[in-house]
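Observations on chain architecture
Spelled out from the first residue to the last, the chains are:
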Amino acid sequence: MALLRSLITSALLAGAIVGAVASLMHLTATVPIVLMAEEFENGTSSDHHHEVAGAQSHPHETAAGGYLFSERNLLTIGTMVLAYVGFALLLGVCAELVGGLNNWRDGIKWGAAGFATFTLFPAIGLPPELPGMPAADLVMRQLWWIGTATCVAASIAAVARLRGVSRIAVPIVLIALPFAIGAPHAVDAETSVPVALHTRFVLVTTIVSLISWQLLGGLLGWLRSRSAAF
């Protein structure tokens, strides 16, 4: 019971901190790109390009004007905090099944596994999309994403548990399976959103996710090691 309380407390604290940090990174780095894509989607990019670019160039000034605490952004922050609390609980439980998190270095490794599972490999088949971009059926995309994340998680477990040739062969098969099936994509790929803007969005969101997962793992590992010392 004490272990469960300690795990939940550590996950709540780590998730809340990382969720807040990740929200700030998204609001200052990715949201301006989304706003620019919305201008292209609405066909008004030429009229408002400088206005959006100004918001992107001066995020602190925008935040000072109340932008950061708008209803839309507060919902984003709340959602991000809840998501990372859930991720922290998942990491903590999985780690306890194989010996626990002994220090922040262990946490960094688990954070890397979380990034690979929930961001890196799913994004190879289904990169993050901007408003105005065509997309396949939502249910099909969700099923492929869940299947990919499951296969990657299973491959990581296989590396940790298996020995010999199976330790290499099984993860390769598991990771290749969703890509062999193929990610669902829209038949009509025509969009008004520039390729360069989408590429930038994918790069920024991936970097933000990597930083967030590493911070989550490291912080959770540190908190778990501190709680174990008492």
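Coordinates for the structure precede this section.
Please read all numbers here as calculations on a predicted model, not as lab measurements.

1. Re helix α1 (residues 2–42)
Since the α-helix packs 3.6 residues into each turn, any two residues three or four apart lie on the same face. Along α1, the helix axis deviates most sharply at T30, where the bend reaches about 40°; the proline P32 sits within four residues downstream. Positive phi appears at G43, one or two residues downstream of α1, with a value of about 75°.

2. Some remarks on the packing of aromatic side chains
The final tally for this structure, using the stated rule, is 7 aromatic pairs. Summarising the aromatic geometry, the rings of F118 and W213 are spaced 5.6 Å apart at their centres and angled 5° between planes, so their arrangement reads as stacked. With F118 in helix α5 (residues 104–125) and W213 in helix α8 (residues 195–228), the pair connects residues that are 95 residues apart, well separated along the chain. In this structure F118 comes out as partly exposed when scored by relative accessible area, which is 23%. Residue W213 is classed as buried on the basis of its relative accessible area of 2%. Here the aromatic rings of W144 and F179 are separated by 5.6 Å at their centres, their planes lie at 80°, and the arrangement is edge-to-face. Of this pair, W144 sits in helix α6 (residues 138–161) while F179 sits in helix α7 (residues 166–181); the two residues are 35 residues apart in sequence, bridging distant segments of the chain. The exposure class of W144 is buried, given its relative accessible area of 7%. An aromatic cluster is present here, built from Y84, F87, F118, W145 and W213 joined pairwise through their rings.

3. With respect to the nonpolar core
Ranked by size, the top nonpolar core spans 16 residues in total, and within it A14, Y84, L216 and L220 carry the most contacts. The set of elements that each furnish at least two residues to this core consists of α1, α4 (71–97) and α8. Setting aside chain neighbours within four positions, we find Y84 in contact with G15, V18, G19, A22, S212 and L216. Judged by nonpolar contacts, the second largest core, of 11 residues, contains M25, I33, V193 and L197.

4. So, the pattern of salt bridges
Enumeration over the complete set of coordinates arrives at 3 salt bridges. Across the pair E38 and R72 runs a salt bridge, and its minimum N-O distance is 3.5 Å. Remark: R72 occurs in helix α4 and E38 occurs in helix α1; sequence separation between them is 34 residues. In this structure E38 comes out as partly exposed when scored by relative accessible area, which is 23%. In this structure, E129 engages R141 in a salt bridge whose closest nitrogen and oxygen atoms are separated by 3.2 Å. In this pair, E129 sits in the loop between α5 and α6 while R141 sits in helix α6, placing the two residues 12 residues apart along the sequence. A residue is classified by how much of its surface remains accessible, and E129, at 32% relative accessible area, is partly exposed.

5. Some remarks on the packing of α1 against α4
Interhelical geometry of α1 versus α4 gives an angle of 140° and a closest axis separation of 5 Å. Judged by the inter-axis angle, α1 sits oblique to α4. Crossing angle aside, the handedness with which α1 passes α4 is right-handed.

6. A short note on α7
A rise of 1.5 Å per residue sets the reference length of α7, with its 16 residues, at 22 Å; its end C-alpha atoms lie 22 Å apart and thus fit the reference within 8%. Immediately downstream of α7, the backbone of G182 shows phi near 100°, a positive value.

7. Some remarks on the packing of α4 against α5
As a packed pair, α4 and α5 sit with axes 11 Å apart at the nearest point and diverge in direction by 120°. Relative to α5, the element α4 is oriented oblique. Note that α4 runs across α5; the crossing there is right-handed. Contact with α4, carried on its side by F87, L90, L91, C94 and A95, involves W110, G111 and F118 of α5 and no other residues of that element.

Calculation rules
- Residues numbered from 1 in each chain as written.
- Predicted model: local features only at pLDDT ≥ 70, side-chain atom pairs only at ≥ 80, totals over all residues.
- Heavy atoms only, no water.
- Bend = angle between axes of the 7 residues up to and from the residue.
- Helix = DSSP H or I, 4+ residues; strand = E, 2+ residues; numbered from the N terminus.
- Phe/Tyr/Trp six-rings, centres within 6.5 Å; stacked < 30°, edge-to-face > 60°.
- Buried < 20%, exposed > 50% of the residue type's maximum accessible area, 1.4 Å probe, protein only.
- Core = buried A, V, L, I, M, F, W, Y, C linked by side-chain atoms within 4.5 Å.
- Contact = heavy atoms within 4.5 Å.
- Salt bridge = Lys/Arg side-chain N within 4 Å of Asp/Glu carboxyl O.
- Axes fitted to C-alpha atoms, helices over the stretch in contact; angles between N-to-C directions.
- Parallel < 35°, antiparallel > 145°, perpendicular 65-115°, else oblique.
- Left-handed = near helix turned anticlockwise from the far one by under 90°.
- Expected span 1.5 Å × (residues − 1).

The analysis is restricted to geometry; functional conclusions fall outside its scope.
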